[in-house]
Amino acid sequence: MELIHYRETHASLVDAYVLSEEQLRFTAHPSKSIPLCMAEPNRHAILGRK
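The shown structure was predicted, so the numbers you read here are calculated from the model rather than taken from an experiment.

Student: Tell me what's going on with the overall build of the protein chain, and back it up with residues and numbers.
Tutor: On a plain count of helices and strands, the protein chain comes out with 3 helices and 2 strands. Tracing the protein chain from N to C terminus, the helices and strands come up as β-α-α-α-β. C-alpha extents for the protein chain along the principal axes are approximately 30 × 25 × 20 Å. Surface summary for the protein chain: the accessible area is close to 4,400 Å², and the carbon and sulfur share equals 55%. In the protein chain, the 6 positive side-chain charges and the 6 negative ones have mean positions that sit 4 Å from each other.

Student: Residues and numbers for a nonpolar patch on the surface, please.
Tutor: On the surface, a cluster of nonpolar side chains totalling about 390 Å² of accessible area is made up of M1, L3 and I46. Position of I46 among the secondary structure elements: in strand 2 (residues 46-49).

Student: So what's going on with the side chain of H29? Residues and values would help.
Tutor: Mapped onto the fold, H29 is located in the loop between helix 2 (21-24) and helix 3 (33-39). There is a polar contact of 2.6 Å between the side chain of H29 and the backbone oxygen of Y17. The residues touching H29, leaving out its near neighbours within four places in the chain, are V14, D15, Y17, L19 and L24.

Student: Describe the environment of Y17, naming the residues involved and giving the relevant values.
Tutor: Counting through the fold element by element, Y17 comes out in the loop between helix 1 (11-16) and helix 2. Counting along the chain gives 12 residues from Y17 to H29, while the straight-line C-alpha distance between them is 8.1 Å. Setting aside residues no more than four positions away along its own chain, Y17 makes contact with H29 and P30.

The rules behind these values
- Residues numbered from 1 in each chain as written.
- Predicted model: local features only at pLDDT ≥ 70, side-chain atom pairs only at ≥ 80, totals over all residues.
- Heavy atoms only, no water.
- Helix = DSSP H or I, 4+ residues; strand = E, 2+ residues; numbered from the N terminus.
- Areas by Shrake-Rupley, 256 points an atom, 1.4 Å probe, with all protein chains shown as cover.
- Lys, Arg positive; Asp, Glu negative; His and termini not counted.
- Charge placed at Lys NZ, Arg CZ, Asp CG, Glu CD.
- Patch = residues over 30% accessible without salt bridge, like charges linked within 9 Å, V, L, I, M, F, W, Y side chains within 5 Å.
- Salt bridge = Lys/Arg side-chain N within 4 Å of Asp/Glu carboxyl O.
- Polar contact = N/O pair within 3.5 Å; in protein donor to acceptor, adjacent residues only side chain to side chain.
- Contact = heavy atoms within 4.5 Å.

Okay, structure coming up:
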């Protein structure tokens, strides 16, 4: 697995990522984190890639 920094070119991939209802009980969709990372300089959006 490779970790990469989020870029705007990844937006459609993040938006298409599907979480089940059960998973959403424990976490939010990753697309909700992106704006937080853009607004806070100490937060970093990191994606995992196979």
